[in-house]
Amino acid sequence: MKQFKIKTINAIAKEGIGLFDTRFLVDPSETDPEGIVVRSSKVELTQFPNLLAIARAGAGVNNIPVEEATEKGICVFNTPGANANAVVELVYTSLGIWLRNVEKSIEFCQGLTGMNDDEINREVEARKKKFKGEEMAGKTMAVFGLGKIGVGVANAGLHHGMRVFGFDPFPALDNIHHLSPEVTLARSRKEALAQADFISIHMPLNKNTHGYVTEKDFLEFVKPGAVLINYARGPIVDEDAVLAALASDKLRGHVSDFPSVKFLGHDQILVTPHLGASTSESEENCATMAVKELKNYLEFGNIVHSVNFPNIETIPTVDVHTRLTVINRDQPGMIAMISNILGDKHINIKNYTNKSNGTVGYNIIDCAGPVPVDVQEKIAEQEGVLRVRMIPLEIRGRQV
Ligand SMILES: NC(=O)c1ccc[n+]([C@@H]2O[C@H](COP(=O)([O-])OP(=O)(O)OC[C@H]3O[C@@H](n4cnc5c(N)ncnc54)[C@H](O)[C@@H]3O)[C@@H](O)[C@H]2O)c1
Ligand SMILES: O=C(O)CC[C@@H](O)C(=O)O
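All values derive from a computational prediction rather than experimental measurement. Each chain has its residues counted from 1, running along the sequence as written. For naming, the first written chain is A and the first written ligand is 1, with later ones following in the order written. For a predicted model such as this one, the threshold for reporting local features is a pLDDT of at least 70, and the threshold for listing and counting side-chain atom pairs is 80 or more; totals across whole chains, interfaces and linings nevertheless cover every residue. Each side-chain value is worked out from all heavy atoms of the structure, with water and hydrogens disregarded.

Explain the sheet that holds strand 16 (residues 385-391) to me, using residue names and the numbers behind them.
Taken in spatial order, the 4 strands make up an open sheet running 14-15-13-16, and their pairing is antiparallel. Because the sheet does not close on itself, it has two edges, and the strands there are strand 14 (349-356) and strand 16. Along the sheet, successive strands turn relative to each other by an average axial angle of 15°, direction set aside. As defined by bridge partners, strand 14 adjoins strand 15 (residues 360-367) across 7 bridges and the pair is classed as antiparallel. Bridge pairing in strand 15 places Ile349 opposite Cys367. If DSSP finds at least two bridges between two strands, the strands pair. Labels follow the DSSP assignment, with helices taken as runs of H or I lasting at least four residues and strands as runs of E lasting at least two, numbered in each case from the N terminus. Note on geometry: axes are C-alpha line fits, over the in-contact stretch for helices, and angles between N-to-C directions span 0 to 180 degrees.

Given below as structure tokens:
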């Protein structure tokens, strides 16, 4: 029976790892894995020649070289929405801490140690005015990126009594269906920023969003005295531009999940240690979703929640002997080429499913009989083919 070698990187919740059965050998020190489950650590592909797939237990995939993975025919998955609620809750927790000076007031209370109760009470009543804060209700929030997290932050803003603007140039319909109609969809950054007291960033880090929050086209439009919140990724924010905006009172504060040399110790900046997804619930959700995606791919070649391959899922019927999957560049003639090679060898195709995402085409070909290795090799050497795989259906006890 074929066993798949799985490498785990970072602590992956046991609820997810427990879903791997005896067909999987799971080992954090595996050196030649076919599958990887990872959280935020950087993944290098050069050391793993037999790698078929990477499941990111989380949303952001900036720690994975996705383009290189595509070229190598490695499928990359993430777990959309699995940690969204954890981030939404922390955004409002941290904003509340910032607005109400909670952090400084806790420090003050700790400093009262050693006094008696009368003294403590006198100090508390005399000094609490130093920590006077302000409320969210009645203010305006602008949310940038209306994905799984941004939609949750926008809706929760309404529940906090705020007026909410949302901005996303490429929103997914499924996410927008969950957005309250009371959230105003802004048509430009300027429109979203003009009235916002609080600005929350929820887009992925990629080459288009690196340094997105900078003076030009962003901070120049901010309402003076706004608070900027970044629970997306550090490099989306240009640190020098934010420090200059704080110094000139354009921004009043910055709340960030990404500590840095420039941000630590700054009186107007509150930082948390990349804590957005760190709840038991979120870690369990992410790990179980990631492991299910990886198993479905390794065992059946099915793709659900890939960030670089088209999503496509079929269950082999009982009369299928061998499942062949072919990953190719999206170019004309690939289906005909594959069918002809199989037809020439008199291999009967029971079911052929193909899908493209505009860059990569993915073919699931269920065959009635065995597919000799030389046929697999012949398809693999055709121009435009990135990878060919024979799925060992026998691991389900259905084949010899
Ligand atoms: N702090 C944490 O621990 C933590 C946890 C989870 C996610 N994240 C980060 O948050 C990001 C968003 O997560 P998600 O689950 O909502 O992802 P998502 O894919 O559901 O949503 C991202 C949204 O950003 C939008 N977007 C892309 N470019 C944009 C731009 N230039 N301007 C405005 N919108 C833009 C996309 O259209 C999409 O709707 C992740 O990529 C990850 O980097 C951080
Ligand atoms: O795994 C984590 O701790 C963080 C994950 C988070 O940044 C994400 O992008 O989902």
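Residue-level account of the domain arrangement of the protein chain, with values.
Domains assigned within the protein chain are domain 1 (1-78 + 281-309), domain 2 (85-95 + 134-271) and domain 3 (310-392). For the domain bounds, the source is a domain assignment made automatically or taken from a database. For domain 1 versus domain 2, the distance between C-alpha centres works out to 31 Å. Any pair of residues with heavy atoms lying within 4.5 Å of one another is described as a contacting pair. Contact residues are listed per partner, giving 5 residues for domain 1 and 4 residues for domain 2. Summed over both partners, the interface of domain 1 with domain 2 comes to about 320 Å²; 42% of that surface belongs to carbon and sulfur atoms. The term buried area denotes the loss of accessible surface (1.4 Å probe radius) that occurs when two parts are joined, taken as the sum for both partners. Summed over the three residues of domain 1 that lose the most area to domain 2, namely Asn62, Glu67 and Ser282, the buried surface amounts to 76% of that side. Take a side-chain nitrogen of Lys or Arg and a carboxyl oxygen of Asp or Glu: if they are within 4 Å of each other, that pair is a salt bridge. At the boundary of domain 1 with domain 2, the tally comes to 1 salt bridge. Note that Glu67 and Lys207 form a salt bridge whose closest N and O atoms lie 3.9 Å from each other. Any N or O atom pair separated by 3.5 Å or less is treated as a polar contact, with the protein-specific requirement of one donor-capable and one acceptor-capable atom, and with residues adjacent in sequence counted only for side-chain atom pairs. Summed over the shared surface of domain 1 and domain 2, the result is 1 residue pair in polar contact (both at pLDDT 80 or more).

Break down the site of ligand 2 for me, with residues and values.
Taken together, the neighbourhood of ligand 2 is formed by Arg39, Ser40, Arg56, Gly58, Ala59, Gly60, Asn83, Arg233, His274 and Ala277. Contact between ligand 2 and Arg56: an oxygen atom at 3.2 Å from a side-chain N or O atom of the residue. Across the complex, the protein chains shield 90% of the 300 Å² of accessible surface that ligand 2 would expose by itself. Classes in brief: Ala, Val, Leu, Ile, Met, Phe, Trp, Tyr, Cys and Pro nonpolar; Asp, Glu, Lys and Arg charged; the others, Gly included, polar. When the residues that make up the shell around ligand 2 are grouped by side-chain class, the tally is 2 nonpolar, 5 polar and 3 charged. Only a single heavy atom is needed: when it lies within 4 Å of a molecule or strand, its residue is near that molecule or strand. Using the Shrake-Rupley algorithm and a 1.4 Å probe, accessible areas are obtained, with residue cover drawn only from the displayed protein chains.

Before we move on, could you go through the site of ligand 1 and cite the residues and values that matter?
Neighbouring residues of ligand 1: 25 residues in total, closest Lys148, Ile149, Asp168, Phe170 and Asp257. In the environment of ligand 1, an oxygen atom lies 2.9 Å from a nitrogen or oxygen atom belonging to the backbone of Ile149. Measuring from an oxygen atom of ligand 1, one finds a side-chain N or O atom of His274 at 3.4 Å. About the coverage of ligand 1: the protein hides 87% of its 870 Å² of free accessible area.

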